[in-house]
Amino acid sequence: MTWFKKEKPPLQSTSEEERNVRTEGLFTKCDDCKSIIWKKELGANAYVCPKCSYHFKIGARRRLELLLDQGEYEEVDSNLRSSDPLHFVDRKTYRERLRETIETTGETEAVINALGSIQGFPVVCASMEYNFIGGSMGSVVGEKITRAIERSIDTRRSLIIVSASGGARMMEGVLSLMQMAKISAALAKLDEKKIPYISLLTDPTTGGVTASFAMLGDLNIAEPKALIGFAGPRVIEQTIRQKLPEGFQRSEFLLEHGMLDAIVHRKDLRDFIAHSLSFMVGGRTTTTEVS
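Residues numbered from 1 in each chain as written. Predicted model: local features only at pLDDT ≥ 70, side-chain atom pairs only at ≥ 80, totals over all residues. Heavy atoms only, no water.

Another aspect to go through is the pairing of strand E7 (residues 197–205). Summarising burial for E7: nine of the nine residues are buried, a large majority. Relative to E7, strand E6 (residues 158–165) runs parallel, the two sharing six bridges. Opposite Ile-160, over in E7, you have Ile-198 as the bridge partner. The handedness of the E6 to E7 crossover, carried by helix H6 (residues 174–192), is right-handed. Inspection of the sheet shows E7 paired to strand E8 (residues 219–222) by four bridges, in the parallel sense. For Leu-201, the partnering residue across the bridge sits in E8 and is Ala-222. (Buried < 20%, exposed > 50% of the residue type's maximum accessible area, 1.4 Å probe, protein only. Helix = DSSP H or I, 4+ residues; strand = E, 2+ residues; numbered from the N terminus. Pairing = 2+ DSSP bridges. Right-handed = clockwise from strand over helix to strand, strands pointing away.)

Put into structure tokens, the structure is as follows:
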């Protein structure tokens, strides 16, 4: 008989599969530098890679929380819903696509209208949700942005629109294209009232959104390396039969060629917008409230 007694089973080494299960969902990979980032660290850094400053795509509500004071806002115009005026069908019906997208994203449309403030300056903010059918602009998106502009006029609040869109919504045909003129006409009235409009373009901002309200701000700013354009680069190359320059349609290229006023790091956006509003409105922080 041995002088020792084995009372406990030996420790088992943790398998690679078990270790992966324990850490699954805690880390993500940067699309630019390919570094592995702890998601909690990424969130604390405003969803910007701490190693290469790559700006991750973020949702409309997260955008509002980062921009507005204390991350607080009052959502308005949330009762509007898209219909199916053309009875559109591709791989599935438009109605089915809308239903699935609403269930997946928890949003009712591709833009959220909100009232809030940025360092004390009252604003109306419309923030686009790219995960809702590519942030596409249909008739309801056009109506909500138009209402945001009209509310800005009625309350004398400055207007902030955050764009993230693939363009007009093809499922609504010409009805979606009409929104370009509708919103542009409303912005002309805003300009007549001398109320500031700051347009923030994020990755991506393309198609009819770029061709209308996204580029009509008193101040057009963008995040670093954001894709901004009307037609895609492959379409342009095939049309003009030339190779496009490096970085074409990125925010740095547009700034260099006079299409943007500034490129602003996400962590500096609130300070930059507040400083701009202080210049535009002369330090005014009062509004006229309407029901």
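Okay, the environment of Arg-266 next. Secondary-structure assignment places Arg-266 in the loop between strand E9 (262–263) and helix H10 (269–281). Along the backbone, Arg-266 and Asn-45 are 221 residues apart, and their C-alpha atoms lie at a distance of 9.3 Å. For Arg-266, the side chain forms a polar contact with the main-chain oxygen of Tyr-47, separated by 3.0 Å. (Polar contact = N/O pair within 3.5 Å; in protein donor to acceptor, adjacent residues only side chain to side chain.)

Turning to the sheet that holds strand E5 (residues 121–128), a few remarks are in order. Across the sheet, which stays open at both edges, the seven strands sit in the order E3-E4-E5-E6-E7-E8-E9 with mixed pairing between neighbours. Across the chains shown, the open sheet's two edge strands, defined by having one partner strand only, are strand E3 (74–76) and E9. Bridge count for strand E4 (residues 111–118) against E5 is eight bridges, and the pairing is antiparallel. By the bridge assignment for E5, Val-111 is matched with Met-128. Of the strands in this sheet, E4, E5, E6, E7, E8 and E9 touch H10, which is tilted by about 175° from E8. (Contact = heavy atoms within 4.5 Å. Axes fitted to C-alpha atoms, helices over the stretch in contact; angles between N-to-C directions.)

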